Each structure stands twice: as C-alpha cells, then as structure tokens.
Amino acid sequence: MPFYITTAISYVNGVPHLGHAYEAIATDAIARHMRQRGEDVFFLTGTDEHGEPVADAAHAQGLEPRALADRNAERFQALMPQLEISNDFFIRTTDPEHMERVQEVLQRVYDNGHVYKGVYEGWYCPRCADFKVENEILEGNLCPIHEIPLTREREENYFFRLSSFQERLERLFAEHPTFVMPTHHYNEARSFILSGLQDVSLSRARLTWGVTVPWDPSHVFYVWFDALLNYYTALGYARPGNDLTERYWPANYHVIGKDILKFHTVFWPAMLMAAELPVPQHVFVHGFLLGADGRKMSKSLGNVLDPFEVMDQYGTDALRFYLMRDVAWGSDGAVGMDAARTRYESELANEYGNLASRTIAMISRYRDGVVPPAGTDEVLGRDFEGLAATVARMFDRADITQALELIWQRVRRLNRYVEERAPWQLARDAESAAALDETLASLAEGVRVVSVLLHPYMPASVDKLLTALGADGLGYAGAAFGPRGSGARVTPLEPLFPKR
Ligand code: ME8
C-alpha cells in the first residue's frame, strides 16, 4: 500500500538544531518501520524558505534572502544522511516547480470563490510569521513563543474564507477522531475550531520574498500557505517524468511539533477542501525538546543543544536512540549531554551491546561460529508472543517511545536468560550439549528479533549486528520469534557501543 509521510519543513533563518533532528528521526523511524511492513513508503522532508522570518534574518546579516536560504538549506540537507534519515526527497520551497504548483492550487482556491480582499489589523510576530490573538499575547505585548515584541500591522491583504469551512472542519473532526494524535492535541485543535473560525490572511503586500499571487502580482502568498502546500507539490516533481500525486496523495501522516498545530489541523485541511483536494489521514504531534533551563529550545532563546556534539561523542544511532527513548512521544522533554551519556552507558553499551557481543562470542567459542540447528526455548518464546503485532499497533498511533520500551523489555529479558541458563556452565558438561544448543539458538533468535524491531531506531547498528549474526532480512515477518536462525554462521562483531 502507498504510504506517504512528511516532516514539517524547517525555516532557513537559522541552522539545524536538535528539535529539527528529533522530528526527522521520529519520522524516519516510522518510515523505516512501515517499509519493514512492506508498505510502499514515500518520505518527504525539506526547507521552508520564504517569508518574513527568512527575509529579516538575511537582511540582518547583510545578505539577500536567497543567499541565506541557499546556505542554510544546504546544512539542513546535509544533516539528513548524517542522521541516517531515509527521506525519498528533499523539497525546498524556492524550487520553481513548487512555486508554480502553489500558484496553480491557490488560483483554483481563488477561482472557487474562497478569497476576497480586505484590510488586516493586528499584533504580528515576525519570527512566527503569524498574527496573534489578544488572549495569547504575553504581558508587554510579547510573542508567547519567542518572547519578542509584537508589531502592530495594518495592511491590505487577500483573505482566505476560513470561516466558511467551520462546519466541514467540525465534521472532519467528528468523523475522524484520530485525525490528530495524541488525543490532547486533537482536543486542542477541535476547541480552536469550536471557538469559531475567523478568516485568515492569504497574502502579504509589503513583502517580496515569496510566491507571487497570480491574480495580483503586487502581493506574495502568506508564507504558511506556500509552506503547507509543499506536502502536495513535492509529489508532482520529486521524480521527474513521473507524477506521484495519484499514488501518494493524500498523505498518511504529517509529523509536526505542537507549536504549528493550528496551521496543520485547521488551516491546512480547510485549504485542501477549498482546492477540492483530499485531506491527510493523520497529523501526529510531538512535544518540544527543552533546554537545560526547561524552556523551549529555540534559535531566538539561544539554549540549543547541538546534535553534532552528541553524534561526535556517541554516534548517530546513540543520538537517535536517546531522543526516541528519553522524550515520550507527544510530551515535552528536557534533554542534555548527561542524560545521553547515561542512556548510552547503561542501555546501549551494557544491555544491548553486551547482549550482542556475548551471544556472538559464545556461539563462536562453544559451537565454532554456527548457530546450533536446535529448537528454541518455549518459555522464552512465550515472552515474545504478540510482540511484533503490538509494536506495529503502537507505530500506527506513533507511540514510538512506548514501542521502544516494549522492545527494550525483551532486550533485558534476553540478558536475564543468559544469566538463568549460564551457557558457560552448560559448556563444561557434555551431557548439557542439547541444553546449550537450545540456549544458543534461542539467544541468537531473540537477539535477531529485537534487532529487527530496533531497526527503525538504530539502523546502522542493527545492520552490523544482523550481518554478524548471519541473519539477513529486515522484513517484518522476521520479527516473530521462531527457530529460523539455525545453521547460520556468525562472524566477529566489533563492540557496537564502545566505552567512551
Ligand atoms: O515551524 N523541540 O519551521 P521550524 C521539538 N517552517 N521540535 C521542535 C523544536 C524543539 N525545541 N523546535 C522546533 C516551522 N521544532 C515551519 C513549518 S511546515 C509546512 C512549516 C519543530 O524550523 C517544530 O515544531 O521553526 C516544527 O515541527 C519543526 O521543528 C520545524 O520548525
């Protein structure tokens, strides 16, 4: 089945930070998991390059917006392979193909009668590129997110008749209780709708850094509509000569952070309805990674933890694992180097890494490097029953933290199994040969199963381990525990997570 998943696209007014890495890694984990299940996955990420935040940042550095966008987009693009992100395309909203298609779709919205000209007056945050309503503004007229002064703006805009989609959006939410997940974000979006929708700006008159409004070239489109449309436009040109829109639209999952909920769960479906396009199936909302000071990690607050530092010190898989393990999906979580180190040492090195090396070393030592062609332990097998199906159900709700916890319990179970069976004692006694065979076969199988399930989180380490185990294939059918590894030849494995 076609399965289309996206991240939000990042502003290029700054360089990538851990929040961006977190979202890309989580989305990548879901994409990889779905590929294992045999889905026909298309995974999109990219950069959001127009609008005031980028134009302002560029001018502050004495650059043209395009120059800043080029420089930073390259850094975002380079980050993807460094994080082992398996995206199928990287969109830049300055791609001419994107810009043309934005014009096409929004012209249709205009032709369908959903746009009118009016005057907007309100408090505006240039960093959010968004007007703020009175009740969200902080004391002293500050932006609730960036804590910078808001400006009073009055200008002639084209407006999108969001208010006329009130009923259809209410119906969308009523009929699709999993449209937004987790539930508390569904409730938040739904109450926003129920509180009564107002029309929103579709264009900016004073700005030139954007996609030109085709029916009035003195305006550019409001950056949010240009940006949201990336999810749709990318499919048209990601594979030259092969329009993927039919195959993948509507998107299955949009993965986003909680600060951009309103745009994705209210403006976006309404805009698609206005353009007569199907709406996405699910919007998965994650929380914020917080700095050591407990505040949102953001460029403007200057409390950003550098993902490269964690990768340099512990490796990419350790960063991926740490973020997926320590920050509960859908909630905020404080992150720091000390906690990353603890996870690395206590779980990656001592639990999983150690289990892997012990298993391979014992098979080498006691059975000449061949996984014994024996049955697997039934009692141990019971602890794996239903695991793959439960993990899959959790991924269907983007419960990637909970799924990891469930898998990790099996990593611990396998370590206990080693202690219980003490293969080194069995090896001393010829009469225990059959028991040793069963123990080693079960361990090899258990390690193989947890590794197949851990692939979305730590693809490179799992690859190395499965190769060393002589087990190939990441397919989800292989995530069931059974006596299939027998006869495989193991090869030496360098420590996956060496002591630092
Ligand atoms: O919002 N923790 O871009 P962006 C977790 N261009 N996630 C974080 C985060 C943090 N500290 N900081 C940011 C934009 N994010 C728009 C999106 S989509 C059509 C346009 C997340 O660079 C944030 O929630 O500010 C968002 O999902 C993504 O990173 C990009 O943020």
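This text goes with the structure placed above it.
Computed from a predicted model, the values in this text were never measured in an experiment.

## Describing the overall build of the chain
Consideration 1: A tally of regular secondary structure across the chain gives 19 helices and 15 strands.
Consideration 2: Here the chain has a C-alpha radius of gyration of 26 Å; the compact-globule value for 500 residues is 23 Å, and the two agree.
Consideration 3: Projecting the C-alpha coordinates of the chain onto the three principal axes gives extents of approximately 90 × 40 × 40 Å.
Consideration 4: The 500 residues of the chain split such that 59% are buried.
Consideration 5: Counted over contacts in the chain with a minimum sequence separation of 6, partners at least 24 positions apart contribute 76%.
Consideration 6: Total accessible area computed for the chain in this model is approximately 19900 Å², and 48% of it derives from carbon and sulfur atoms.
Consideration 7: Side chains of the chain give 49 positive and 67 negative charges; the mean places of these two sets differ by 3 Å.

## Examining the packing of aromatic side chains
Between two aromatic rings, the relevant description is the distance of the centres plus the angle of the planes.
Consideration 1: According to the stated counting rule, one finds 32 aromatic pairs in the structure shown.
Consideration 2: When the ring of Trp224 is compared with that of Phe263, the centres are 3.8 Å apart and the planes differ by 5°; the resulting orientation is stacked. Note that Trp224 is positioned in helix α7 (residues 223-228) and Phe263 in helix α10 (residues 261-274), a separation of 39 residues in sequence.
Consideration 3: We classify Trp224 as buried; its relative accessible area is 6%.
Consideration 4: Residues Tyr314 and Tyr344 carry aromatic rings whose centres are separated by 4.8 Å and whose planes lie at 40° to one another, so their mutual orientation is tilted. Placement of the pair is Tyr314 in helix α11 (residues 307-314) and Tyr344 in helix α13 (residues 337-367), with a sequence separation of 30 residues. By the burial criterion, Tyr314 is buried, and Tyr344 matches it.

## Details of the site of the ligand
Consideration 1: The full set close to the ligand counts 24 residues, and Ile9, His20, Glu23, Asp48 and Asp259 are the nearest of them.
Consideration 2: Between the ligand and the protein, one listed contact pairs a nitrogen atom with a side-chain N or O atom of Asp48 at 2.7 Å.
Consideration 3: Between Asp259 and the ligand, the recorded distance is 2.6 Å, taken from a side-chain N or O atom to an oxygen atom.
Consideration 4: Its free accessible area being 650 Å², the ligand has 96% of it covered by the protein chains.
Consideration 5: Those elements that place two or more of their residues in the shell around the ligand are β2 (10-11), α1 (18-36), α7, α8 (230-237) and β12 (253-257).
Consideration 6: Per-class residue counts for the shell around the ligand are 12 nonpolar, nine polar and three charged.

## Quick look at helix α12 (residues 316-326)
Consideration 1: Among the 11 residues of α12, nine are classified as buried, and the element is accordingly described as predominantly covered.
Consideration 2: Restricting attention to buried positions, one finds in α12 the residues Asp317, Ala318, Leu319, Arg320, Phe321, Tyr322, Leu323, Met324 and Arg325.

## What to know about the nonpolar core
Consideration 1: The biggest cluster of nonpolar side chains holds 103 residues, and the ones touching the most others in it are Ile30, Leu323, Tyr352, Leu454 and Tyr457.
Consideration 2: Per-element accounting of this core gives the leading share, 12 residues, to α13.
Consideration 3: Each residue touching Tyr352, except ones within four places of it in the same chain, is listed here: Glu347, Trp408, Val411, Val450, Ser451, Leu454, Met458, Val462, Leu465, Leu496 and Phe497.
Consideration 4: Residues Ile9, Val109, Leu172 and Val200 belong to the second largest nonpolar core, which totals 69 residues.

## Focus on the packing of helix α6 (residues 183-194) against α10
Consideration 1: In the contact formed by α6 and α10, the axes pass within 10 Å of each other and the chain directions differ by 55°. It follows from the interaxial angle that α6 and α10 lie oblique. Read as a crossing pair, α6 and α10 show a hand that is right-handed. In this structure, α6 contributes His185, Glu188, Ala189, Phe192 and Ile193 to the contact, and α10 contributes Leu261, Lys262, Thr265 and Val266.
Consideration 2: Looking at side-chain class alone, the contact of α6 with α10 contains five nonpolar, two polar and two charged residues.

Cut-off values and rules
Residues numbered from 1 in each chain as written. Predicted model: local features only at pLDDT ≥ 70, side-chain atom pairs only at ≥ 80, totals over all residues. Heavy atoms only, no water. Helix = DSSP H or I, 4+ residues; strand = E, 2+ residues; numbered from the N terminus. Rg over C-alpha atoms; globule rule 2.2 N^0.38 Å. Buried < 20%, exposed > 50% of the residue type's maximum accessible area, 1.4 Å probe, protein only. Contact = heavy atoms within 4.5 Å. Areas by Shrake-Rupley, 256 points an atom, 1.4 Å probe, with all protein chains shown as cover. Lys, Arg positive; Asp, Glu negative; His and termini not counted. Charge placed at Lys NZ, Arg CZ, Asp CG, Glu CD. Phe/Tyr/Trp six-rings, centres within 6.5 Å; stacked < 30°, edge-to-face > 60°. Near = heavy atom within 4 Å. Polar contact = N/O pair within 3.5 Å; in protein donor to acceptor, adjacent residues only side chain to side chain. Nonpolar A, V, L, I, M, F, W, Y, C, P; charged D, E, K, R; others polar. Core = buried A, V, L, I, M, F, W, Y, C linked by side-chain atoms within 4.5 Å. Axes fitted to C-alpha atoms, helices over the stretch in contact; angles between N-to-C directions. Parallel < 35°, antiparallel > 145°, perpendicular 65-115°, else oblique. Left-handed = near helix turned anticlockwise from the far one by under 90°.

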